[in-house]
Amino acid sequence: MQFTPEEAIHHLEYNAERSHLIIPEYGRHLQKLIDQATKLEDREERNKAAKYIISVMGTLNPHLRDVPDFQHKLWDQIFIMSDFKLDVDSPYPIPSKEILHQKPERLNYPQNFPKYRFYGNNIKYMIDVANKWEDGDLKNALIMVIANHMKKSYLSWNKDTVKDEVIFEHLYELSGGTMNLLKTDEELSNSTDLMRVNKKQSNKMQFSSNKPKKHNNQNQNQNQKNKKPSTNNNNNNNRK
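Residues numbered from 1 in each chain as written. Predicted model: local features only at pLDDT ≥ 70, side-chain atom pairs only at ≥ 80, totals over all residues. Heavy atoms only, no water.

1. Things to note about the overall build of the protein chain
Reasoning step 1: When helices and strands are counted, the protein chain shows 10 helices and zero strands.
Reasoning step 2: N-terminal to C-terminal, the α/β element order of the protein chain is α-α-α-α-α-α-α-α-α-α.
Reasoning step 3: Contacts in the protein chain between residues at least 24 apart in sequence constitute 51% of all its contacts with a sequence separation of at least 6.
Reasoning step 4: Just so you have it, the protein chain exposes about 19100 Å², and 51% of that area is on carbon and sulfur atoms. (Helix = DSSP H or I, 4+ residues; strand = E, 2+ residues; numbered from the N terminus. Contact = heavy atoms within 4.5 Å. Areas by Shrake-Rupley, 256 points an atom, 1.4 Å probe, with all protein chains shown as cover.)

2. Details of the side chain of N148
Reasoning step 1: With respect to the element layout, N148 can be found in helix α7 (residues 137–157).
Reasoning step 2: Its relative accessible area of 19% is what places N148 among the buried residues.
Reasoning step 3: In contact with N148, other than residues within four places in its own chain, are L188, S189 and L194. (Buried < 20%, exposed > 50% of the residue type's maximum accessible area, 1.4 Å probe, protein only.)

3. Things to note about the side chain of S153
Reasoning step 1: In this fold, S153 is placed in helix α7.
Reasoning step 2: Overall, S153 belongs to the buried group, its relative accessible area being 10%.
Reasoning step 3: Beyond its immediate sequence surroundings of up to four residues, S153 is in contact with F118 and Y119.

4. As for the packing of aromatic side chains
Reasoning step 1: Summed over the entire model, instances satisfying the criterion amount to five aromatic pairs.
Reasoning step 2: Centroid distance Y116 to F118: 6.0 Å. Interplanar angle 55 degrees. Geometry classified as tilted.
Reasoning step 3: Cluster of aromatic residues (ring-pair linked, three or more members): Y116, F118, Y119 and Y154. (Phe/Tyr/Trp six-rings, centres within 6.5 Å; stacked < 30°, edge-to-face > 60°.)

5. With respect to the nonpolar core
Reasoning step 1: Of all hydrophobic cores here, the largest spans 22 residues; its most connected members are Y119, I127, I146, M150, I167, L171 and L181.
Reasoning step 2: For this core, the secondary structure elements donating two or more residues are α6 (121–132), α7 and α8 (164–174).
Reasoning step 3: When residues in this core are grouped by element, the largest group, eight residues, is from α7.
Reasoning step 4: Contact partners of I167, with chain neighbours within four places excluded, come to Y119, A147, M150, K151, Y154, V162 and L188. (Core = buried A, V, L, I, M, F, W, Y, C linked by side-chain atoms within 4.5 Å.)

6. Structural notes on α8
Reasoning step 1: All of the buried residues in α8 are D164, I167, F168, H170, L171 and L174. Each buried residue of α8 sits inside an arc of 165 degrees when the element is viewed along its axis, so together they form one side.
Reasoning step 2: Two residues or fewer past α8, G176 is found with a positive phi of approximately 75 degrees. (Arc of directions from axis to C-beta.)

7. With respect to helix α3 (residues 43–60)
Reasoning step 1: With 18 residues, α3 should cover 26 Å at 1.5 Å per step; its first-to-last C-alpha distance of 26 Å lies within 8% of that length.
Reasoning step 2: Each element contacted by the buried residues of α3 is listed here: α2 (27–39) and α4 (70–81).
Reasoning step 3: Between the side-chain oxygen at the start of α3 and the backbone nitrogen of E44 there is a gap of 3.4 Å, and the oxygen is on D42. (Expected span 1.5 Å × (residues − 1). Polar contact = N/O pair within 3.5 Å; in protein donor to acceptor, adjacent residues only side chain to side chain.)

8. Details of the pattern of salt bridges
Reasoning step 1: One pass over the structure, following the stated rule, counts seven salt bridges.
Reasoning step 2: The shortest N-O distance in the salt bridge between R43 and D87 comes to 3.1 Å. Here the residue R43 occupies a position in helix α3, and D87 occupies one in the loop between α4 and α5 (97–100), the gap between them amounting to 44 residues.
Reasoning step 3: Judged by its relative accessible area of 32%, R43 falls in the partly exposed class.
Reasoning step 4: Exposure remark for D87: the relative accessible area of 42% places this residue in the partly exposed category. (Salt bridge = Lys/Arg side-chain N within 4 Å of Asp/Glu carboxyl O.)

9. Examining the environment of E45
Reasoning step 1: Inspection of the secondary structure puts E45 in helix α3.
Reasoning step 2: For the pair formed by E45 and V88, sequence separation is 43 residues and the distance between their alpha carbons is 9.4 Å.

This is the structure in structure tokens:
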């Protein structure tokens, strides 16, 4: 032993005093092997040590063997754990520290604050697409589909009936004045029919959510049928 038990107490290592583990999953012993390989002066010895460490890393992660480019991943990790100080011959391109710490570009979160929120953002997208179409029967049919969908969305949040003129005014406003059904004789679907469609859709959602519970109730009923007769019948027979 290098130290006596009394002296070893003064040479204990605490985690707070140790160096930071770059990839903690591999443990401190593998980190020390990489640090030792980095300090080797002979290049051939460093190459041998790096290949040995790669084999040890492969045995520690057998689940990665089915991953494509398994060896490439291990070589990248050994360079990362050495803080890119390990100078060896790698069969793969050596990653750079700048690419590893490069931050992705900030994504712009879409901010949509529609005036009529009960219609949703998809209605506005549909109106913008319809504005790009050429005038004709297809565009007129699409406008009517959009208007009926707006009426159905309106009724799903406002249970009272709504006049077609209100929907036409909202469509005229959302389209920027390009879709004007106020001057036409077009009529939208009946409110009761649209409410019936919304009610059917809500009932389907409730049925799908309650379906497993019914299945459990059937199993419980079946189990109750398969149970043995109660002891009351046996007591009555004994009395007879």
